[in-house]
Amino acid sequence: MLSTETPASTAPAARHSAVRRPLLLAAGVGVLVICAALSLALGSRSIPLSAVIDALSGTAHGGDADVVVGLRVPRTVIGVTVGAALGVAGAVAQGVTRNPLASPTTLGINAGASFAVVMAIFALGLTRPLEFVWFAVAGAAGAALLAYGMARRSGDLDPVRLALGGTVLSAVLASWTSALMLASRRTLDEARFWLAGSISGRSLDALYQVLPLIVIGVLLALLVSPALNALALGDETAQALGVPVARIRLVGGLAVVLLAAGSVAVAGPVAFVGLAAPHLVRPLLGNDHRLLVPGCLIAGPVLLLAADVLGRLVARPSEIEVGIVTAFLGAPLLAVLARKAASR
């Protein structure tokens, strides 16, 4: 049956979409600013926004100003950076594997970083998060290479085998990590807070160490985003369109590793942000990765900061680590997505 829609009738819709999407991106930036303001103002002790502004401008000192500048600004900066890295990593992982359930967690990258850090604590006696950074990066990269090797078939990368290999690898590494922690009480005491996933008490120095990795990862993600649209049509179609499928998967996989490794090294294995951000953005901006990746660059920090603020408020004057909050909220999301995927 021929379509009854004419170019004249679709032109207004296209123009409307072209105007709507930038507005949605701008609205997302506004929501992110609000989340950042709440992150600076709320906690075990609420601070008025006027006092936050005075502290940021340098017109106030001591008391609330020290809390804002010394504790909450680094926490918020780390939350924005880590959330952006995880959101973009999730979008690229799902595009590379053509799997809506793919994320740094399901590909084994988070588990690799966690195992490497716990091994370093167990064998070398490390105690400070700043010392964990490069072990986390090495573990994430190693896990990604193992998952990639298991997914190779006849010289090509099989997306289904990649997702399955990552899931199996995550289970194996998680069991080894638990064994190390059970074997040493000191390792358990040192690692459990980091493994929970948190942006509280994290140093900006640790972020500065991995910031180049995150920046390079974001740039690579933006670079491959147009090709991911062709990849979504299938390997044969993408190749017919002149897209170097193997190279795009390699570059996209490298972007995911850099982004996930950098974020996990700083904040620990925060789950579900990378999974949820693309699914939050797609209904608003569509499946075009040229818009999806920038959208996740905004949605990731929004999700992470919102979860962090929620964790501070529900257990005042104490707080719940952001990794626990995202896991608690993300588990139902994963069940819903898995159900939808199974019904297709």
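Residues numbered from 1 in each chain as written. Predicted model: local features only at pLDDT ≥ 70, side-chain atom pairs only at ≥ 80, totals over all residues. Heavy atoms only, no water.

As a further point, take the overall build of the chain. Of regular secondary structure, the chain possesses 13 helices and two strands. Buried residues in the chain amount to 47% of all 344 residues. The long-range fraction of contacts in the chain, counting pairs at least 24 apart against all pairs at least 6 apart in sequence, stands at 75%. Carbon and sulfur atoms make up 69% of the accessible area of the chain, which amounts to about 16,100 Å² in all. (Helix = DSSP H or I, 4+ residues; strand = E, 2+ residues; numbered from the N terminus. Buried < 20%, exposed > 50% of the residue type's maximum accessible area, 1.4 Å probe, protein only. Contact = heavy atoms within 4.5 Å. Areas by Shrake-Rupley, 256 points an atom, 1.4 Å probe, with all protein chains shown as cover.)

Counting 72 residues, the largest nonpolar core has Ile 109 and Val 210 as its most contacted members. In contact with Val 210, not counting residues within four places along its chain, are Val 133, Val 137, Gly 262, Ala 265 and Val 266. (Core = buried A, V, L, I, M, F, W, Y, C linked by side-chain atoms within 4.5 Å.)

A word on the side chain of Ser 184. With respect to the helices, strands and loops of the structure, Ser 184 is situated in the loop between α6 (159-183) and α7 (185-196). Looking at Ser 184, its side chain comes within polar contact range of the side chain of Thr 187, at 3.0 Å. (Polar contact = N/O pair within 3.5 Å; in protein donor to acceptor, adjacent residues only side chain to side chain.)

Taken N-terminus to C-terminus, the directions of helix α3 (residues 64-97) and helix α11 (residues 273-285) make an angle of 75°; their axes are 7 Å apart at the nearest point. Regarding the angle of α3 to α11, the classification is roughly perpendicular. On α11, the residues touching Gly 83, Leu 86, Gly 87, Gly 90, Ala 91 and Gln 94 of α3 are Val 273, Gly 274, Leu 275, Ala 277, Pro 278, His 279 and Arg 282. Residues that form the contact of α3 with α11 fall into these classes: six nonpolar, six polar and one charged. (Axes fitted to C-alpha atoms, helices over the stretch in contact; angles between N-to-C directions. Parallel < 35°, antiparallel > 145°, perpendicular 65-115°, else oblique. Nonpolar A, V, L, I, M, F, W, Y, C, P; charged D, E, K, R; others polar.)

Below, the discussion takes up the confidence of the model for the chain. In the predicted model, the chain carries a mean pLDDT of 84, and 90% of its residues have values of at least 70. Element-level mean pLDDT values for the chain span from 61 in strand β2 (residues 156-157) up to 94 in helix α12 (residues 289-313). (pLDDT = per-residue confidence, 0-100.)

Here we come to the pattern of salt bridges. A full pass over the atoms with the stated rule returns five salt bridges. Among the salt bridges present, the one from Arg 75 reaches Asp 308, with a minimum N-O distance of 2.9 Å. Of the two residues, Arg 75 sits in helix α3 while Asp 308 sits in helix α12, which places them 233 residues apart along the sequence. The same class applies to Arg 75 as to Asp 308, namely buried. (Salt bridge = Lys/Arg side-chain N within 4 Å of Asp/Glu carboxyl O.)

As a further point, take the packing of α3 against α12. As a packed pair, α3 and α12 sit with axes 7 Å apart at the nearest point and diverge in direction by 135°. In terms of orientation, α3 lies oblique with respect to α12. Considering the relative orientation of α3 and α12, their crossing is right-handed. Along its contact with α3, which presents Arg 72, Arg 75, Thr 76, Gly 79, Val 80, Val 82, Gly 83, Ala 84, Gly 87, Val 88, Ala 91 and Gly 95, the element α12 presents His 289, Leu 292, Val 293, Cys 296, Leu 297, Gly 300, Pro 301, Leu 304, Leu 305, Asp 308 and Arg 312. Classifying every residue of the contact of α3 with α12 gives twelve nonpolar, seven polar and four charged. (Left-handed = near helix turned anticlockwise from the far one by under 90°.)

Spanning 25 residues, α12 covers 35 Å between terminal C-alpha atoms, matching the ideal 36 Å at 1.5 Å per step. Along α12, the sharpest change in direction is near 30° and occurs at Cys 296. With 18 of its 25 residues buried, α12 lies for the most part within the structure. (Expected span 1.5 Å × (residues − 1). Bend = angle between axes of the 7 residues up to and from the residue.)

Using the criterion set out here, one finds one aromatic pair in the structure. With a centroid separation of 5.8 Å and 55° between ring planes, the pair formed by Phe 115 and Trp 176 is classed as tilted. Note that Phe 115 is positioned in helix α4 (residues 109-124) and Trp 176 in helix α6, a separation of 61 residues in sequence. The exposure class assigned to Trp 176 is partly exposed, which follows from its relative accessible area of 48%. (Phe/Tyr/Trp six-rings, centres within 6.5 Å; stacked < 30°, edge-to-face > 60°.)

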